[in-house]
Amino acid sequence: MSLDSDQSPPSSSRDWFFPSPSFIHPASTSRAAAPPRRTFSASPSPVKKSKPYVPEATIPHKLAENRSSPSSYQRPVPRRDPKYAGIRRRVGFTTELESSGMRDVQEIHLAEKTTAGKGSKVAPLGRSRGGKKWVAVIALVITCFSSVVQKNFSLHNQVRNLKEQLFQLSIRLQACNPSNPVDLANIIPEDSHNSSSKSLKNSALILSLVLLALPLLIFKYVDYISRSRRSSENISEEVSLNKQLAYRVDVFLSLHPYAKSLALLLATLLLICLGGLALFGVTDDRLADCLWLSWTYVADSGNHTNSIGFGPKLVSVSISFGGMLIFAMMLGLVSDAISEKFDSLRKGRSEVIEKHHTLILGWSDKLGSLLNQLAIANESLGGGMVVVMAERDKEEMESDIGKMEFDFKGTSVICRSGSPLILADLKKVSVSKARAVIVLAEDGNADQSDARALRTVLSLTGVKEGLRGHIVVELSDLDNEVLVKLVGGDLVETVVAHDVIGRLMIQCARQPGLAQIWEDILGFENCEFYIKRWPQLDGMQFEDVLISFPDAIPCGVKVASNGGKIILNPDDSYVLHEGDEVLVIAEDDDTYAPVALPMVWRGHLPKDFVIPKSPEKILFCGWRRDMEDMIMVLDAFLAPGSELWMFNSVPEKEREKKLIDGGLDISRLVNISLVDREGNAVIRRHLESLPLESFDSILILADESVEDSAIQADSRSLATLLLIRDIQAKRLPCRESIVTHLHRVSFSQGSWIGEMQQASDKSVIISEILDPRTKNLLSMSKISDYVLSNELVSMALAMVAEDRQINNVLEELFAEEGNELHIRQADLYLHEEDELNFFEIMLRARQRKEIVIGYRLSTAERAVINPPGKSERRKWSSKDVFVVIAEKE
């Protein structure tokens, strides 16, 4: 075969069409037809390079006349030929058609304004033409890029054809001269075996370009169609399609938590695939190698520096730019995810994975005392887990808990932010696995607080997994207790804070020193109630059970045959049956056990016990929400002819209305009569108008107007206390007497504190204290007894949370009927200087159906509950007192 015999152009060469400049300008296309399209083919010579087509109107006339290759161009066109005058004018964009087209546009705009004045709506022309312009520009860019890539392919084809011809000539030369062999391996073209796959490479390149431009074209087309439809249908309120698509994408990203990550992964894979296809089209590598090379460009933007050739460089740079954008978005997503996780941990949004923990819902001033009691209760177990959830910031809760001045004793406290009314938040704190759930009452209005507690109980009963533990609810009003128990059923135990404190203050006013005893019994620091079954006691009478525990004091029996009812202070003849449990007062649940019966001498009471009842005169300073309940309790306890003075800032006309609304019928009061006095308890002249020296007991209540602030309420109570004691000290005749109590000798006779202590011997004052820090001032001065209302309620909540059965015991001790705590004089059980042990005193008290649980010596300041060494004898004084559980008188 001769060299001249193979002069045909490559098989892969094609004819390419380039739009004339009139295609770009929309005004010219609207007024004149497009010029005839010209075609060209590649040069027949394989050595010559193909040139891009240039419109003939833009070629100088001399160059057009000197053309000599009829195969590449058509016959030259005369310069003055009027046939092509329109083409030259359209290329120059200076024809009259353009100006006329502009006039048409102005006329159209004028018509739009006129039509708009008549009420019709027409879309502006510029918008539709703007969409066509964008599509034209995109199409032109894609066409130019395709022509460049095709030129590159044409050059590759020419080089391959030359190599094939050289290979054939070398074969002929070797056949003519066998003595001088030629190395055919170096002459054989490397891509000769890929000639059949060239069309595949072209298809891959075109496919990558089409896929790359397809989203943009679709977006512009959708926008164009949306605007056209609105202009044609005269609907201006309809949402465009691109906005609908953007909305759908936004909803998808918002509803699916991993949508952003999946979108980023899809974009990365798409970029790798498109880049691999493009590299496969412009290089001679295999598709797998091109995909791997595309990934390296995405992962490291510096890898594209090794590319050779215009096509590979262009594709590699494009892939590198896409890779930089993808990695920037990836860093943004990772940074947002890390920040969101830390923010979730900081704000307490993570889930608590715990079992058998105590869950506290809400936040109030009682939380500190409650956490302290729970920590003491869990000390014997090595510590426990307490979870607090409230509608507060987690950091603020942790900061406030950290400021509390007590040792947690190994108990861990976890705080979470959330609402107890939302099931998702309840699930976040593992409410179904908690052994007890405590619902705290909010500070403020009692009805609103109880209503929120009721909604919280409804949310707790709606937990799908169910509750393993019980619910302890703190209520502010006794009237709402029935409704909460109706909703919660058997899962709920209620503690009415105001009811408990009101009744306790009345008991302490009638029996000074009882508040300290209640602190010891309700708190976990000393002795408290426990219920446990002892099979070895079956068949024994309660009188024998009473002296069977050297380290505990039996107080009652939980009867199994009566549905688990707890009988407090049963008869001596009661016999324990199988399944019965014993209620005791002990230091801890593992510190006591029954032993063999000791030898105890019963003896006899020295005299008949008759409690004389005489009329009393009591003063209430302040106003509480449960005033009507306190009045009814006093009417049941006091002797006929007693007086109750109420001194507060509530107008007298409103008091009767409030009492009647609370359920009190003043006309049915039997033993007491009400005396109303209006005034301010912190103003001295108002207090001096009262006969303070004549009252048997004075109760300083935390006034309803300031009970939301513990510090303000305590300051008011303390000021009232000091004023009353000072007035009493100046009025009582015993102001110059010598102090006889040993615990008061540290104060001089003439000092103001000494005078107030002497006045306290004639009158009992009980102050309601909300803040535990205030009790230090009162305990040091010895001028008043006090009731720590918030702390006592917290103790009761903690005790019921540990064992819900204790709530029945507390309800009976604070109720109007049944048993309660009493303080008895020692001469009711023994003679002066008698030498008896504690067991013998217990048996003597059983003759009056009383259970002695402790004593207070005349030389001591505090009572001893569940004393050790019960079998040891000692001498007693008639001034000593005993603490007993007896029926209400």
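Reading the values: rules and limits
- Residues numbered from 1 in each chain as written.
- Predicted model: local features only at pLDDT ≥ 70, side-chain atom pairs only at ≥ 80, totals over all residues.
- Heavy atoms only, no water.
- UniProt positions renumbered as here; feature names shortened; annotations may be inferred.
- Phe/Tyr/Trp six-rings, centres within 6.5 Å; stacked < 30°, edge-to-face > 60°.
- Helix = DSSP H or I, 4+ residues; strand = E, 2+ residues; numbered from the N terminus.
- Buried < 20%, exposed > 50% of the residue type's maximum accessible area, 1.4 Å probe, protein only.
- Lys NZ or Arg CZ within 6 Å of the ring centre and 35° of its normal.
- Axes fitted to C-alpha atoms, helices over the stretch in contact; angles between N-to-C directions.
- Parallel < 35°, antiparallel > 145°, perpendicular 65-115°, else oblique.
- Left-handed = near helix turned anticlockwise from the far one by under 90°.
- Contact = heavy atoms within 4.5 Å.
- Nonpolar A, V, L, I, M, F, W, Y, C, P; charged D, E, K, R; others polar.
- Patch = residues over 30% accessible without salt bridge, like charges linked within 9 Å, V, L, I, M, F, W, Y side chains within 5 Å.
- Areas by Shrake-Rupley, 256 points an atom, 1.4 Å probe, with all protein chains shown as cover.
- Salt bridge = Lys/Arg side-chain N within 4 Å of Asp/Glu carboxyl O.

In the annotation of an unreviewed UniProt entry, the chain is listed under the name RCK N-terminal domain-containing protein and assigned to Aristolochia fimbriata. According to the UniProt record, the Sequence similarities (unreviewed entry) comment for the chain reads "Belongs to the castor/pollux (TC 1.A.1.23) family." Under the heading Subcellular location (unreviewed entry), UniProt records this for the chain: "Nucleus membrane".

Visitor: Any chance you could break down the packing of aromatic side chains for me, citing the residues and the numbers?
Guide: Summed over the entire model, instances satisfying the criterion amount to 9 aromatic pairs. With 4.5 Å between their ring centres and 20° between their planes, W518 and F814 make a pair best called stacked. In this pair, W518 is assigned in helix α18 (residues 514-522) and F814 in helix α27 (residues 806-814), connecting sequence segments 296 residues apart. Look at W518 and you get buried, because its relative accessible area is 0%. By way of ring pairs, the aromatic residues Y829, F838, Y855, W876 and F882 are connected into one cluster. Geometry around F695 places K617 over its ring, the cationic atom sitting 5.3 Å from the centre. The ring of W876 is capped by R874, whose NZ or CZ atom sits 5.0 Å from the centre of that ring.

Visitor: Requested: an account of the packing of α18 against helix α26 (residues 789-802), with residues and values cited.
Guide: When two helices pack together, their arrangement is given by the angle between their axes and by how far apart the axes lie. In contact at an axis separation of 9 Å, α18 and α26 are set at 30° when each is read in the N-to-C sense. Of the possible angle classes, the one that applies to α18 and α26 is roughly parallel. Crossing of α18 over α26 shows left-handed handedness. Residue-level inspection shows W518, E519, I521 and L522 of α18 in contact with α26, the latter providing L792, M795 and M799. Split by residue class, the contact of α18 with α26 holds 6 nonpolar, no polar and 1 charged.

Visitor: How would you explain the UniProt feature "transmembrane region" (unreviewed entry) in the chain if you had to name every residue and give the values?
Guide: Taking the numbering used here, the UniProt-annotated feature "transmembrane region" (unreviewed entry) corresponds to residues 134-153, 204-222, 262-282 and 319-339. Between the C-alpha atoms that bound residues 262-282 the distance is 30 Å, and the span itself is 100% helix and 0% strand. Across residues 319-339, helical content stands at 100% and strand content at 0%; the span's end C-alpha atoms are separated by 30 Å.

Visitor: Mind laying out the environment of V559, listing which residues take part and the relevant values?
Guide: Within the fold, V559 resides in strand β8 (residues 553-559). Residues V559 and E578, 19 residues apart in the sequence, show an inter-C-alpha distance of 9.3 Å. Non-local contacts of V559, meaning those with residues more than four positions away in its chain, are made with G564, K565, I567, Y574 and D580.

Visitor: Which residues make up a nonpolar patch on the surface, and what values go with them?
Guide: Residues I206, L207, V210, L211, L214 and I218 make up a contiguous nonpolar surface patch of about 490 Å² in total accessible area. With respect to the helices, strands and loops of the structure, I218 is situated in helix α7 (residues 198-233).

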